[in-house]
Amino acid sequence: MLNLVLFGPPGAGKGTQAAKLIEKYKLVHLSTGDILRGEMAAGTDLGKQAKSLIEKGELVPDAIVIGMIASKLDQNKSANGFIFDGFPRTTAQAGALDKMLSERNIAVTGMIALEVEKQELIDRLLNRGKTSGRADDQDVKIIENRINVYNKETSPVKDYYEKQGKYHAIHGIGSIDDIFNAICKTVDKIK
Ligand code: B4P
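Please read all numbers here as calculations on a predicted model, not as lab measurements. Numbering of residues begins from 1 in every chain and follows the order in which that chain's sequence is written. Two thresholds apply to this predicted model, a pLDDT of at least 70 for residue-level local features and 80 or more for giving and counting side-chain atom pairs, whereas whole-chain, interface and lining totals are computed over all residues. Based on all heavy atoms of the structure, the side-chain values leave hydrogens and waters out of the count.

Engineer: Quick rundown of the pattern of salt bridges? Include the residues and the values.
Structural biologist: If charged atoms from side chains of opposite charge come close, those side chains can pair. We count a salt bridge whenever a side-chain nitrogen from Lys or Arg sits within 4 Å of a carboxyl oxygen from Asp or Glu. Enumeration over the complete set of coordinates arrives at 12 salt bridges. A salt bridge links R146 to D137, with the nearest nitrogen and oxygen atoms 2.8 Å apart. Across this residue pair, the class does not change: R146 and D137 are buried. Look at the salt bridges and you will find they share partners, linking R128, R134, D136, D137 and R146 into a network. Burial classification: accessible surface area is computed with a 1.4 Å probe over protein chains only, and a residue below 20% of its type maximum counts as buried, one above 50% as exposed, and the rest as partly exposed.

Right under this line is the structure:
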């Protein structure tokens, strides 16, 4: 079973590359960002709680996102494998993911980490904000906060997977297809 963690700062191309990877490797796509935006659009209590945090560029509490992933794993018991997109974003989430997977006799195959510098991230997100309607993509202060939160709370997740020999860095600047091909080379080696 192929289980990939797709990792990187906001705007690194996680969602973009996940869409291509699920098609090629026939995996189930679990994006905590997409699930949370679905809850926001449906106006659920969880969505209301998430909205106030996402629109400030802060992370949603670990317990909420961990619970969301657990229920998705149970809804997809016959999957070929999973792409975890935007999850885990803290070392507590990474530990919880290992536990959830080992309880189901599966494991993370590898982390694919997209590396992109700060100014490029800001430019991409502001550009997406012109059409996405996402409040968190429209204000440079919020985008900078998301990048700061990433540097402080999320980037230590790299070390977590590096210690397990599962960390694979990919240069995330260039054409979407070239980056996809570089990811596939790594995936084909580790799968
Ligand atoms: P996400 O939905 O995960 O948002 P993201 O990091 O902005 O998206 P992504 O990285 O997938 O976008 P992409 O680069 O593909 O999270 C949103 C919020 O939800 C978080 O801030 C947080 O509040 C909350 N949240 C989510 N998961 C959580 C968790 N586990 N714990 C706590 N809170 C959580 O795309 C960006 C743009 O770049 C696009 O316009 C794309 O077209 C463009 N692009 C992509 N590749 C490109 C390339 N090679 N060249 C040029 N442009 C490119």
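Still more to cover.
Engineer: If you had to explain the packing of aromatic side chains to someone new, which residues and values would you point to?
Structural biologist: The rule is short: rings of Phe, Tyr and Trp, with Trp giving its six-membered ring, pair when the centres are within 6.5 Å, and they are stacked under 30 degrees, edge-to-face over 60, tilted in between. In this structure the tally under the stated criterion is three aromatic pairs. An angle of 45 degrees between the planes, with centres 5.8 Å apart, marks the rings of F7 and Y150 as tilted. You can see F7 sitting in strand 1 (residues 2-7) and its partner Y150 sitting in helix 7 (residues 140-154), a full 143 residues away along the chain. Both residues of the pair, F7 and Y150, belong to the buried class. Residues Y160 and Y161 carry aromatic rings whose centres are separated by 5.2 Å and whose planes lie at 70 degrees to one another, so their mutual orientation is edge-to-face. Overall, Y161 belongs to the buried group, its relative accessible area being 0%. Here, over-ring charges are defined by two tests on the NZ atom of lysine or the CZ atom of arginine: distance to the ring centre within 6 Å, and angle to the ring normal within 35 degrees. The side chain of K20 reaches across the aromatic face of F180, ending 5.0 Å from its centre. Each helix corresponds to a stretch of at least 4 residues labelled H or I by DSSP, and each strand to a stretch of at least 2 residues labelled E; elements are numbered beginning at the N terminus.

Engineer: Any chance you could break down the packing of helix 2 (residues 32-42) against helix 3 (residues 45-54) for me, citing the residues and the numbers?
Structural biologist: The N-to-C vectors of helix 2 and helix 3 enclose an angle of 115 degrees; their axes lie 7 Å apart at closest approach. When the axes of helix 2 and helix 3 are compared, the pair comes out roughly perpendicular. Taken as a pair, helix 2 and helix 3 cross one another with a handedness that is left-handed. When helix 2 is examined against helix 3, the residues L36, E39 and M40 are found in contact with a partner set consisting of L46, G47, A50, K51 and I54. All residues other than Ala, Val, Leu, Ile, Met, Phe, Trp, Tyr, Cys, Pro, Asp, Glu, Lys and Arg, Gly among them, are scored as polar; the first ten of these are nonpolar and the last four charged. The residue makeup of the contact of helix 2 with helix 3, split by class, is five nonpolar, one polar and two charged. With axes taken as lines fitted to C-alpha atoms, and helix axes fitted only over the stretch in contact, angles between N-to-C directions fall between 0 and 180 degrees. Note on angle classes: values under 35 degrees are labelled roughly parallel, values over 145 roughly antiparallel, values of 65 to 115 roughly perpendicular, and the remainder oblique. In a left-handed crossing the near helix is turned counterclockwise from the far helix by less than a right angle, and in a right-handed crossing that turn is clockwise. Contacts are assigned to residue pairs with any non-hydrogen atoms lying within 4.5 Å of each other.

Engineer: Tell me about the sheet that holds strand 3 (residues 81-85), and name the residues and values.
Structural biologist: By the convention used here, strands pair only if DSSP detects at least 2 bridges between them. The strand order across the open sheet built from five strands is 2-3-1-4-5, with neighbouring strands paired in parallel fashion. Strands at the two margins of the open sheet, each flanked by one partner only, are strand 2 (28-31) and strand 5 (167-171). On average, adjacent strands in this sheet sit at an angle of 20 degrees to one another, irrespective of strand direction. With five bridges connecting them, strand 4 (residues 110-115) and strand 5 associate as parallel partners. Each bridged residue has a counterpart across the sheet, and for L114 the counterpart in strand 5 is I170. Against the sheet, helix 2 contacts strand 2 and strand 3, and its axis sits at roughly 65 degrees relative to strand 2. Across the sheet, helix 8 (residues 156-163) touches strand 1, strand 4 and strand 5, and the angle it forms with strand 4 is around 140 degrees.

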